[in-house]
Amino acid sequence: MGELTFKGLKVDELDLSNNIEGQGNLDISQRASFNVKYTEDNLHCKANLVIDMMEKNDPMKFNFKISVTAFLDCEPGMDKKEIHVKAYNEVYPHARALISTFLVNAGLPPITIPKVNMNEQNIKINEEDKGSSGITS
């Protein structure tokens, strides 16, 4: 078991369509994807989390998408599936806070995204693409 060192986070994409008029309830569906790409020496990685939310019955009424990338250092010899899970656990709280803050500042109620528990058995390692790994929910 190794440790990751969080080096920073950047927002790659932020998109909101808010055509809600008045008050009402939203029935929101959510999709998420999470991928990790490694340097050739496997000592650094960047983890990308994309969250896409929309009104189930009328996506043009409300649609929100955010893509964030975190930069992390890895201890030598760490297993890529372990890195994937730890990177997700590092990135998720930052993305959750960004989403809630942005939506509140846009005049919407805070929407809390549910955390998906990572199961190492569902992580796919692609050794041909500099060892990227990914999962989509």
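Throughout what follows, the structure given in this document is the object of discussion. (Residues numbered from 1 in each chain as written. Predicted model: local features only at pLDDT ≥ 70, side-chain atom pairs only at ≥ 80, totals over all residues. Heavy atoms only, no water.)

As a further point, take the pairing of strand 4 (residues 62-74). Sheet faces and side chains relate simply in a regular strand, where the side chains alternate between the two faces. Taken together, the 13 bridges between strand 1 (residues 4-18) and strand 4 define a ladder with antiparallel strand orientation. By the bridge assignment, Phe 6 is partnered in strand 4 with Leu 72. Where strand 3 (residues 44-55) lies against strand 4, eleven bridges are found, and the strand directions are antiparallel. Across the sheet, the residue bridging to Met 54 is Asn 63, located in strand 4. Counting the residues that bridge the hairpin from strand 3 to strand 4 gives six residues. (Pairing = 2+ DSSP bridges. Helix = DSSP H or I, 4+ residues; strand = E, 2+ residues; numbered from the N terminus.)

Despite not being glycine, Asn 42 has its phi angle at roughly 60°, a positive value. Tracing the backbone shows Asn 42 in the loop between strand 2 (28-38) and strand 3. When its relative accessible area of 30% is taken as the criterion, Asn 42 is described as partly exposed. (Buried < 20%, exposed > 50% of the residue type's maximum accessible area, 1.4 Å probe, protein only.)

Once that is clear, we can look at the packing of aromatic side chains. The full count for this structure, using the stated rule, is three aromatic pairs. Ring geometry for Phe 34 versus Tyr 88: centroids 5.3 Å apart, planes at 75°, classification edge-to-face. Of the two residues, Phe 34 sits in strand 2 while Tyr 88 sits in helix 1 (residues 80-105), which places them 54 residues apart along the sequence. Residues Phe 34 and Tyr 88 agree in their burial class; the two are buried. On the basis of an interplanar angle of 35° and a centroid distance of 5.9 Å, the ring pair of Tyr 88 and Tyr 92 is categorised as tilted. One end of the pair, Tyr 88, and the other, Tyr 92, are both in helix 1, four residues apart, so they sit about a helical turn from each other. In this structure, Tyr 88 and Tyr 92 share a single accessibility class: buried. Grouping aromatic residues by their ring pairs yields a cluster made of Phe 34, Tyr 88 and Tyr 92. Sitting over the face of the ring of Tyr 38, Lys 80 holds its NZ or CZ atom 5.1 Å from the ring centroid. (Phe/Tyr/Trp six-rings, centres within 6.5 Å; stacked < 30°, edge-to-face > 60°. Lys NZ or Arg CZ within 6 Å of the ring centre and 35° of its normal.)

Before going further, it helps to spend a moment on the pattern of salt bridges. Per the counting criterion, the structure on display carries seven salt bridges. Measuring nitrogen to oxygen at the nearest pair gives 3.8 Å for the salt bridge that ties Lys 86 to Glu 3. Taken together, the positions of Lys 86 in helix 1 and Glu 3 in the segment before strand 1 put the pair 83 residues apart, joining distant regions of the chain. What makes Lys 86 partly exposed here is its relative accessible area of 22%. Linking Arg 31 and Asp 52 is a salt bridge whose minimum nitrogen-to-oxygen distance equals 2.6 Å. In this pair, Arg 31 sits in strand 2 while Asp 52 sits in strand 3, placing the two residues 21 residues apart along the sequence. Classification of Arg 31 as partly exposed rests on a relative accessible area of 48%. Among the charged side chains, a network of salt bridges with common partners joins Glu 3, Glu 82 and Lys 86. (Salt bridge = Lys/Arg side-chain N within 4 Å of Asp/Glu carboxyl O.)

Here the focus is the nonpolar core. Ranked by internal contacts, the top residues of the largest apolar core, which has 32 residues, are Phe 34 and Met 53. Residue contributions to this core peak at nine residues, all from helix 1. The residues touching Met 53, leaving out its near neighbours within four places in the chain, are Ile 28, Ser 29, Gln 30, Phe 62, Asn 63, Phe 64, Ile 99, Leu 103, Ile 111 and Ile 113. (Core = buried A, V, L, I, M, F, W, Y, C linked by side-chain atoms within 4.5 Å. Contact = heavy atoms within 4.5 Å.)

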